[in-house]
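So you can see what is in the structure, the chains are spelled out below.
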Amino acid sequence: MDGSPLDVRDFKAVLGRFCTGVTVITARSEEGPVGFTCQSFSALSLRPPAVCFCPARTSTSWPRIRTVGRFCVNILAHDQQGICRQLARSGADKFAGVAWAPSPNGSPRLAGTMAWLDCDLEQEVDGGDHTIVIARVTALSEHREAPPLLFYRSAFERLDGV
């Protein structure tokens, strides 16, 4: 490399070739349920069980979830594009009309998801314009068998043959 900066559009286009699943991170704050759509989610460790995800520094939801210190990662199914979009919005009541029940740690566990994981915040690391969140998994369960909601090249996709 010659040391010249990468073009942001090229960077996004190349990373768009990497297919990701879609999650919604939720918590229950003093003001009520709070959450955001997150595709930058990954398993981190088996022992101890840990996951990581990367909210944008501009997120207004993550600081409210951080204050609670525990949250639920909801893994979305292919038919949950509407919930994905609704929880990705800023400003409005994201949970209007969204069915959920409390997870064991009290966070919103969204109806119809494929699986969920309850987590406790362990650490945050600087990740440029995002924060890298490391969390310990305290409870989890599968809900239903369904194809996952996938995001690829700026669009939702579905696995063939599933």
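Residues numbered from 1 in each chain as written. Predicted model: local features only at pLDDT ≥ 70, side-chain atom pairs only at ≥ 80, totals over all residues. Heavy atoms only, no water.

## A few points about the pattern of salt bridges
Inspection of the entire model under this criterion finds six salt bridges. The closest approach of N and O atoms between aspartate 79 and arginine 144, which form a salt bridge, is 2.5 Å. In this pair, aspartate 79 is assigned in the loop between strand 6 (70-75) and helix 3 (81-88) and arginine 144 in the loop between strand 10 (130-142) and strand 11 (150-152), connecting sequence segments 65 residues apart. With relative accessibility at 32%, the residue arginine 144 sits in the partly exposed group. Glutamate 122 is the partner of arginine 136 in a salt bridge, and the nearest nitrogen-oxygen pair spans 3.1 Å. Taken together, the positions of arginine 136 in strand 10 and glutamate 122 in strand 9 (residues 115-127) put the pair 14 residues apart, joining distant regions of the chain. On the basis of relative accessibility, which here comes to 34%, the residue arginine 136 falls in the partly exposed class. (Salt bridge = Lys/Arg side-chain N within 4 Å of Asp/Glu carboxyl O. Helix = DSSP H or I, 4+ residues; strand = E, 2+ residues; numbered from the N terminus. Buried < 20%, exposed > 50% of the residue type's maximum accessible area, 1.4 Å probe, protein only.)

## Concerning the sheet that holds strand 4 (residues 41-45)
Read across the open sheet, the seven strands follow the order 3-2-6-9-10-5-4; overall the sheet is antiparallel. In the strand order of this sheet, the two ends are held by strand 3 (32-38) and strand 4, each with one partner. Direction aside, the axes of adjacent strands within the sheet are offset by 35° on average. With seven bridges joining them, strand 2 (residues 23-29) and strand 3 adopt antiparallel strand pairing. Bridge pairing in strand 3 links threonine 26 to glycine 35. In the packing of helix 2 (residues 61-68) onto the sheet, contacts are made with strand 2, strand 3, strand 5 (50-53), strand 6, strand 9 and strand 10, and the angle to strand 3 comes to roughly 120°. Here helix 3 sits on the sheet and contacts strand 2 and strand 3; the angle it forms with strand 3, its principal contact strand, is near 110°. (Pairing = 2+ DSSP bridges. Axes fitted to C-alpha atoms, helices over the stretch in contact; angles between N-to-C directions. Contact = heavy atoms within 4.5 Å.)

## Things to note about the UniProt feature "domain: Flavin reductase like" (unreviewed entry) in the protein
In the numbering used here, UniProt assigns the feature "domain: Flavin reductase like" (unreviewed entry) to residues 15-158. Secondary structure across residues 15-158 comprises 12% helix and 48% strand; the distance between its end C-alpha atoms is 18 Å. (UniProt positions renumbered as here; feature names shortened; annotations may be inferred.)

## Digging into the sheet that holds strand 1 (residues 20-21)
Read from one edge to the other, the open sheet built from three strands follows the order 1-11-12, with strand pairing classed as antiparallel. Of all strands in the sheet, those with a lone pairing partner are strand 1 and strand 12 (155-157), marking the two edges. Pairing of strand 11 with strand 12 involves three bridges; the strand directions are antiparallel. Along strand 12, the bridge assignment pairs tyrosine 152 with alanine 155.

## Details of the nonpolar core
Judged by nonpolar contacts, the single largest core of 16 residues is most densely connected at Ile25, Phe36, Phe53, Trp62, Ile65, Phe71 and Cys119. For this core, the secondary-structure elements that each account for two or more residues are strand 2, strand 3, strand 5, helix 2, strand 6, strand 9 and strand 10. With residues up to four places along the chain from it excluded, the contact list for cysteine 119 reads Val51, Gly69, Arg70, Phe71, Val73, Asn105, Ala135, Arg136, Val137 and Thr138. Counting ten residues, the second-largest nonpolar core is a separate cluster that includes Val22, Leu87, Val98 and Phe156. (Core = buried A, V, L, I, M, F, W, Y, C linked by side-chain atoms within 4.5 Å.)

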